[in-house]
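Breakdown of the fold
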Amino acid sequence: MTQDGRRVGRLHRVFQAKDLPVREGQIVQETLNRIRVRVVPDANYTDDASRLITRQLRERMGEVEVIVDLVDDIPRTSAGKFRAVVSELEKETT
């Protein structure tokens, strides 16, 4: 969800950019104005890839803070499932 209340779907498509050197990626909306991106990079990953991910998210979400974390793996749910997009907004309001 954006700061102005719009719901945005299919955010995981930012990882489908041509030649993006990412093995796996997960987008976590921590607050309305902060997005954390967990990236499992491949060997060709550079800062340019982080900038591209940030730019694409801001094009969809507006002027939000984007934090790109390079990680070795992305946690699965207790059922072993991979979630490409996670919203923590419910935690913020409770």
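Throughout this document, residue positions are counted from 1 along each chain, in the order its sequence is written. Reporting of local features is limited, given that this is a predicted model, to residues whose pLDDT is at least 70; pairs of side-chain atoms are given and counted only at 80 or more, and all residues count toward the totals for whole chains, interfaces and linings. For the side-chain quantities, the full set of heavy atoms in the structure was used; hydrogens and water were omitted.

Among the structural elements, P75 can be located in the loop between strand 3 (65–70) and strand 4 (85–87). Three exposure classes are used, based on accessible area relative to the maximum for each residue type with a 1.4 Å probe and protein chains only: buried under 20%, partly exposed in between, and exposed over 50%. Taking relative accessible area as the criterion, P75 reaches 52% and is therefore assigned exposed. Each C-alpha atom of the pair P75 and P21 lies 20 Å from the other, and the pair is 54 residues apart in sequence. In this description a helix means any DSSP run of H or I spanning at least four residues, a strand means any run of E spanning at least two, and both kinds are numbered starting from the N terminus.

A few words on the pattern of salt bridges. Criterion for a salt bridge: a side-chain nitrogen of Lys or Arg within 4 Å of a carboxyl oxygen of Asp or Glu. A full pass over the atoms with the stated rule returns six salt bridges. Between E30 and R34 there is a salt bridge whose closest N-O contact spans 2.6 Å. In this structure, the salt-bridge partner of E30 is R36, at a minimum N-O distance of 2.6 Å. A residue is classified by how much of its surface remains accessible, and E30, at 15% relative accessible area, is buried.

Mapped onto the elements, I67 comes out in strand 3. Linking I67 and P41, residues 26 residues apart in sequence, is a C-alpha distance of 15 Å. Discounting chain neighbours no more than four positions away, the residues touching I67 are R34, I35, R36 and V37. Pairs of residues are marked as contacts when any of their non-hydrogen atoms sit within 4.5 Å.

The next thing to look at is the side chain of T31. Position of T31 relative to the elements: it lies in strand 1 (residues 22–31). Among the residues examined, T31 registers a relative accessible area of 16% and is labelled buried. In protein, a polar contact means a hydrogen-donor-capable atom and an acceptor-capable atom, both N or O and within 3.5 Å, with residues adjacent in sequence counting only if both atoms are side-chain atoms; elsewhere, any N or O pair within 3.5 Å suffices. Only 2.8 Å separates the side chain of T31 from the side chain of N33, close enough to count as a polar contact. A polar contact of 3.0 Å, which involves the side chain of T31, links it to the backbone nitrogen of R34.

For two strands to be treated as a pair, DSSP must find no fewer than two bridges joining them. One open sheet accounts for four strands, arranged 3-2-1-4; its pairing is mixed. Edge strands, defined here as strands with exactly one partner in the open sheet, are strand 3 and strand 4. Each strand axis lies, on average, 20 degrees off the axis of its neighbour in the sheet, ignoring direction. Across eight bridges, strand 1 lies against strand 2 (residues 34–41) in antiparallel orientation. By the bridge assignment, E24 is partnered in strand 2 with V40. Between N-to-C directions, angles cover 0 to 180 degrees, with each direction set by a line fitted to C-alpha atoms, over the stretch in contact for helices.

Judged by nonpolar contacts, the single largest core of 19 residues is most densely connected at F15, L20, V37, I53 and L57. Every element with two or more residues in this core is listed here: strand 1, strand 2 and helix 1 (47–61). Residue contributions to this core peak at five residues, all from helix 1. Those residues in contact with I53 that lie beyond four places of it in its chain are F15, L20, V22, V37, V39 and Y45. Nine residue types can take part in a nonpolar core, namely buried Ala, Val, Leu, Ile, Met, Phe, Trp, Tyr and Cys, and a core is a set of them joined through side-chain atoms within 4.5 Å.

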